[in-house]
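Working through the structure, step by step
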There are 2 protein chains.
Amino acid sequence: MKAYSELSREELMELREQLLAAYEEKKALGLNLDMSRGKPSPTQLGVSVGLMDVINSDSDMKSECGIDCRNYGCLDGIPEVKRLMAEMMGTTEDHIFIGGNASLTLMFDTVSRAYTHGIMGETPWCKLDKVKFLCPVPGYDRHFAITEHFGIEMINIPMSETGPDMDMVEELVNSDPTVKGIWCVPKYSNPQGICYSDETVRRFANLRPAAKDFRIFWDNAYVIHHLYEDNQVEILDIIGECEKAGNPDMVFEFASTSKVSFPGSGVSAMATSHANLEDAKKHYTIQTIGNDKVNQLRHARYFKNLDGLKEHMKKHADFMRPKFETTLKVLEEELDGLGIGSWIKPLGGYFISFDAMEGCAKAIVAKCKEAGVILTGAGATFPYHNDPKDSNIRIAPSFPTPEEMHQATEIFVLCVKLVSVQKLLES
Amino acid sequence: MKAYSELSREELMELREQLLAAYEEKKALGLNLDMSRGKPSPTQLGVSVGLMDVINSDSDMKSECGIDCRNYGCLDGIPEVKRLMAEMMGTTEDHIFIGGNASLTLMFDTVSRAYTHGIMGETPWCKLDKVKFLCPVPGYDRHFAITEHFGIEMINIPMSETGPDMDMVEELVNSDPTVKGIWCVPKYSNPQGICYSDETVRRFANLRPAAKDFRIFWDNAYVIHHLYEDNQVEILDIIGECEKAGNPDMVFEFASTSKVSFPGSGVSAMATSHANLEDAKKHYTIQTIGNDKVNQLRHARYFKNLDGLKEHMKKHADFMRPKFETTLKVLEEELDGLGIGSWIKPLGGYFISFDAMEGCAKAIVAKCKEAGVILTGAGATFPYHNDPKDSNIRIAPSFPTPEEMHQATEIFVLCVKLVSVQKLLES
């Protein structure tokens, strides 16, 4: 195929007519397909069959530490679930605090605590004139929503195939004491599916922050969420690397079973240094008597250990892979060589990130919506919903069926083409 | 029996010898009895048998609104559990927000939101020089811990048999714009078991706060926790009364199933006006994608409705009543007429509140501990752990067996006598 930029005005106009006709045809199908959120499909939820049978009224409700899981107590989680989450996160259970049903809430609470009380005796962020966070972009909208909520200024950091631009990260973190944090999804990043290289992780661990209360918010959301059994990425353990580098307290790591067991009723965990844990627990003991231990016990007994988790994740991958492959196949077949978009083929995670020609993302998302295909709002992958190039679009293939993803992607590529032609004609 | 104050010095000294001998005998038993927290006993937890069987892998996981409870979504709770909690709290489901496993966390979050962002557009409390809360005393230590955590100045309000001293409440709330809240446990109060009279509730509803963001924190923790089927107290619905009084937004009401189903894995709820709900949800949507809907569904299907809850609570009462009665019997038999302590006979809730002679509470708790009986720390029922009279002691009869409560109370009364005699001899 010829790149669109090489087409003459006449060719573009003719192409537009063809595309418009095809678009109207698709629109007439009256589809209603949602690719907007990283949400497992109803059938995929069946993967966790049996989870609801692990605990019944005949079960021994005692944790291995002797606590009755039905009763009050146990602020930081029962030992068996701490061990499970530690194995999943590649750390040890002494680093773990077990949260409620969502790591998002653990992240919110961590920022909120820093805002109201400060981290480990430092000034509460609400008392400072300026607090900044670095935000590798494109990134996860709910991260940015938390920092925006607390009035924290967000600075875009470009991503490369090995992770965030570490020159820029080092320069900002090591020189500016108002830079207090950075949001990272180090493995199968949301939305690009990028995995941080060993060098990137080590450069993170070796930061020399100007702010004593600078923290890396390491959201390891897709830590075991591989698509391919024979092509799995492993990244370095940030907690261990930070310890080695003499920065043991510099990272809060987060993970959950939301996309392992059930999204609405999983178990979440924070992994961090002993000093950070003690600091956090002083606050958590005011906020809660402890999270749901029955659900913790259910998860610990169902998955047993890392092997159990890995076996389980293969079943999820079997659901996810065809959707990713269908989507990528349509993108390749329809857009390769046209010069109107680029994407990365992910090996795990929940998303495909698409970069359209500058100034086209919003129009593409709107066109898709008109034809019944719901995408995450353009700009959502950037702080303040502001994609300076109006280029990035997040595709979430998990919820629809593979057939629906095929249909949806066909409409998507059509909209990409149509909007790109329009853009070229206007320029 | 003669009141201790009427005994001669010689009589007191002789009595002390007798009491000391008896105390040493008890101490030699080497008991280990915990009356410190309002925590159901292991056997009492068996009341909720079947709860863990309601949802299994064959269950329809759809809420009546069509949402798959396993998946993401539904910020404020599924309709069937909202209805259940509304019935329990004596309000309507449009007032309800469903939280996680603890109403304590809902209360913490509500104060935290007011601190970081302000209530309904008012100045965030973190930006104010002074924020005050009224604290009816004795009260619940975890309430006071939340307000202390946020640097909120707490003002003691005396309790009477009809609720807090409303003259004092009205004077302070209606004149001082730095008074932003009051902690209330309106039914079977913690620790006295006092129920607010209709007049008290109406005076609350008719407050004319100097602060627009003044809120009543109405912790209806024991709303259906009666001890006697034929002697149940009902209090007025504060939300309805506030609406009638033209103060619809003045109250946040809280409740949970912690002492209905399982303390560690129940369902919590906040009930408040539509405007407060909208304001809270703007924040919660940043903090969570929604709480555990599988557990919500489990509770809704197990209890079904208010009748189901009431039937269930009778079984709890059957466990609790003997413990309360044993404790009260020993108190009456051993202390009536001695003039060294007073208590109220509760009709529900989880506690008995004991008022010793001034300056004796700490010493009594310490003496009990020495003999293997753990009580809530003296002073814990007051803000800053400071009981100005060092008089109040909270007794929690729920965890030990009736036999153990008998033993523990015998030791308790012995310690009360011993410390009182000592006090009288010193004065």
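Owing to the predicted nature of the structure, the values given are computational and were not obtained by experimental measurement.

Criteria and cut-off values
- Residues numbered from 1 in each chain as written.
- Chains lettered and ligands numbered in written order.
- Predicted model: local features only at pLDDT ≥ 70, side-chain atom pairs only at ≥ 80, totals over all residues.
- Heavy atoms only, no water.
- Buried < 20%, exposed > 50% of the residue type's maximum accessible area, 1.4 Å probe, protein only.
- Helix = DSSP H or I, 4+ residues; strand = E, 2+ residues; numbered from the N terminus.
- Core = buried A, V, L, I, M, F, W, Y, C linked by side-chain atoms within 4.5 Å.
- Contact = heavy atoms within 4.5 Å.
- Least-squares fit on C-alpha atoms with pLDDT ≥ 70 in both.
- Domains from an automatic or database assignment.
- Buried area = accessible area lost by both parts, 1.4 Å probe.
- Salt bridge = Lys/Arg side-chain N within 4 Å of Asp/Glu carboxyl O.
- Nonpolar A, V, L, I, M, F, W, Y, C, P; charged D, E, K, R; others polar.
- 1 Å grid on protein atoms, 1.4 Å probe; cavity = no way out; pocket = protein on both sides within 12 Å on 5 of 7 lines; lining within 4 Å.
- Points joined across faces, edges and corners; volume = space filled by probe spheres on them.
- Pairing = 2+ DSSP bridges.
- Axes fitted to C-alpha atoms, helices over the stretch in contact; angles between N-to-C directions.

A closer look at helix α5 (residues 141-149) of chain B
- The element α5 of chain B is largely enclosed, with a buried count of 7 among its 9 residues.
- By the burial criterion, the buried members of α5 of chain B are Asp141, Arg142, His143, Phe144, Ile146, Thr147 and His149 of chain B.

A few points about the nonpolar core
- Core analysis: the biggest nonpolar cluster contains 229 residues, and Phe204 and Phe412 of chain A together with Phe204 and Phe412 of chain B have the highest contact counts within it.
- With residues up to four places along the chain from it excluded, the contact list for Phe204 of chain A reads Pro164, Met166, Val169, Ile182, Cys184, Tyr196, Ile216, Trp218, Ile238 and Met250 of chain A.
- Ranked by size, the runner-up nonpolar core spans 62 residues in total, among them Leu75, Ala114 and Phe133 of chain A together with Ala114 of chain B.

Some details on the relation of the copies chain B and chain A
- Take chain B, turn it by 180°, move it 0.0 Å along the axis, and it overlays chain A with an RMSD of 0.0 Å. Here the two chains are linked by the operation of a two-fold rotation axis.

Looking at the domain arrangement of chain A
Residues and elements named next belong to chain A.
- Under the domain assignment used here, chain A contains domain 1 (4-44 + 311-426) and domain 2 (61-304).
- Between the C-alpha centres of domain 1 and domain 2 there is a distance of 31 Å.
- In this assembly, 31 residues from domain 1 lie in contact with 33 residues from domain 2.
- Carbon and sulfur atoms supply 62% of the area buried between domain 1 and domain 2, which totals about 2900 Å² over both sides.
- Taken together, domain 1 and domain 2 are joined by 2 salt bridges.
- Put simply, Arg37 and Asp141 hold a salt bridge, and the shortest N to O gap is 3.0 Å.
- Elements with a contribution of two residues or more to the side of domain 1 that touches domain 2: α11 (306-335), β11 (352-356) and β13 (392-395).
- Per-element tally for the side of domain 1 that touches domain 2: the top contributor is α11, with 9 residues.
- Looking at side-chain class alone, the side of domain 1 that touches domain 2 contains 16 nonpolar, 9 polar and 6 charged residues.

As for empty space enclosed by the protein
- This structure, assessed with the given rule, holds 10 cavities of 30 Å³ or more.
- Here the largest cavity defines a volume of roughly 520 Å³.
- Of all the elements in the fold, those that place two or more residues in the lining of the largest cavity are α4 (103-117), α9 (274-287) and α10 (293-303) of chain A together with α4 (103-117), α9 (274-287) and α10 (293-303) of chain B.
- Its residues placed into classes, the lining of the largest cavity shows 9 nonpolar, 21 polar and 4 charged.
- Of the voids in this model, the second largest cavity is the one considered here, and its volume is about 150 Å³.
- Along the wall of the second largest cavity there are 20 residues; nearest its centre are Phe108 and Ser112 of chain A together with Phe108, Asp109 and Ser112 of chain B.
- Of all the secondary structure elements, the ones that give two or more residues to the lining of the second largest cavity are α4 and α9 of chain A together with α4 and α9 of chain B.
- Of the residues in the lining of the second largest cavity, the class split is 4 nonpolar, 12 polar and 4 charged.

A look at the pattern of salt bridges
- On inspection of all chains with the given rule, the structure shows 52 salt bridges over all chains.
- Two residues, Lys180 of chain A and Asp213 of chain A, come together in a salt bridge whose shortest N-O distance is 2.7 Å. Residue Lys180 of chain A is found in strand β6 (residues 179-184), and its partner Asp213 of chain A is found in the loop between α7 (198-205) and β7 (215-219); the two are separated by 33 residues along the sequence. Residue Lys180 of chain A shares its accessibility class with Asp213 of chain A, and that shared class is buried.
- Glu241 of chain B is the partner of Lys244 of chain B in a salt bridge, and the nearest nitrogen-oxygen pair spans 2.9 Å. One end of the pair, Lys244 of chain B, and the other, Glu241 of chain B, are both in helix α8 (residues 238-244), 3 residues apart, so they sit about a helical turn from each other.
- Taking relative accessible area as the criterion, Glu241 of chain B reaches 9% and is therefore assigned buried.
- One salt-bridge network, in which partners are shared between bridges, spans Asp76, Lys82, Glu278 and Lys281 of chain A.

Section: the sheet that holds strand β11 (residues 352-356) of chain B
All names here are of chain B.
- Strand order in the open sheet formed by 3 strands is β10-β11-β13, with antiparallel pairing between adjacent strands. Strands at the two margins of the open sheet, each flanked by one partner only, are β10 (341-343) and β13 (392-395). Averaged over neighbouring strand pairs, the angle between their axes works out to 25° when direction is ignored.
- The sheet contact formed by β10 and β11 spans 3 bridges and is antiparallel. Within β11, the position partnered with Ser342 by the bridge is Asp355.

Here we look at the interface of chain B and chain A
- Between chain B and chain A, the residue contacts involve 55 residues of the former and 55 residues of the latter.
- Taking both partners together, chain B and chain A bury about 4500 Å²; carbon and sulfur atoms supply 54% of that area.
- It is Arg70, Tyr72 and Ile286 of chain B in chain B that bury the most area against chain A; as a group they hold 17% of the surface buried on that side.
- Where chain B touches chain A, the interface holds 0 salt bridges.
- Residue assignment for the side of chain B that touches chain A shows that the elements contributing at least two residues are α2 (42-45), α4, α5, α9 and α10 of chain B.
- In terms of residue count, α4 of chain B provides more of the side of chain B that touches chain A than any other element does, 8 residues in total.

Looking at the layout of surface pockets
All names here are of chain B.
- Its volume calculated, the largest pocket comes out at about 490 Å³.
- The element that contributes the greatest number of residues to the lining of the largest pocket is α4, accounting for 3 residues.
- Split into classes, the residues belonging to the lining of the largest pocket amount to 11 nonpolar, 9 polar and 7 charged.

Observations concerning the pairing of strand β9 (residues 268-271) of chain B
All names here are of chain B.
- Residue alternation in β9 divides its side chains into two sets, Ser268 and Met270 and Ala269 and Ala271, and both sets are buried.
- Here strand β2 (residues 96-98) pairs with β9 via 3 bridges, running antiparallel. Looking at the pairing, Ile98 lines up with Ala269 of β9.
- With 4 bridges joining them, strand β8 (residues 251-256) and β9 adopt antiparallel strand pairing. Each bridged residue has a counterpart across the sheet, and for Ala255 the counterpart in β9 is Ala269.

Some thoughts on the environment of Leu338 of chain B
Residue and element names in this part refer to chain B.
- Within the secondary structure, Leu338 sits in the loop between α11 (306-335) and β10.
- Residue Leu338 is classed as buried on the basis of its relative accessible area, which comes to 1%.
- On a C-alpha basis, the gap between Leu338 and Ser5 in space is 8.0 Å, while along the polypeptide they are 333 residues apart.
- Residue contacts for Leu338: discarding those within four places in its chain leaves Met1, Lys2, Ala3, Tyr4 and Lys417.

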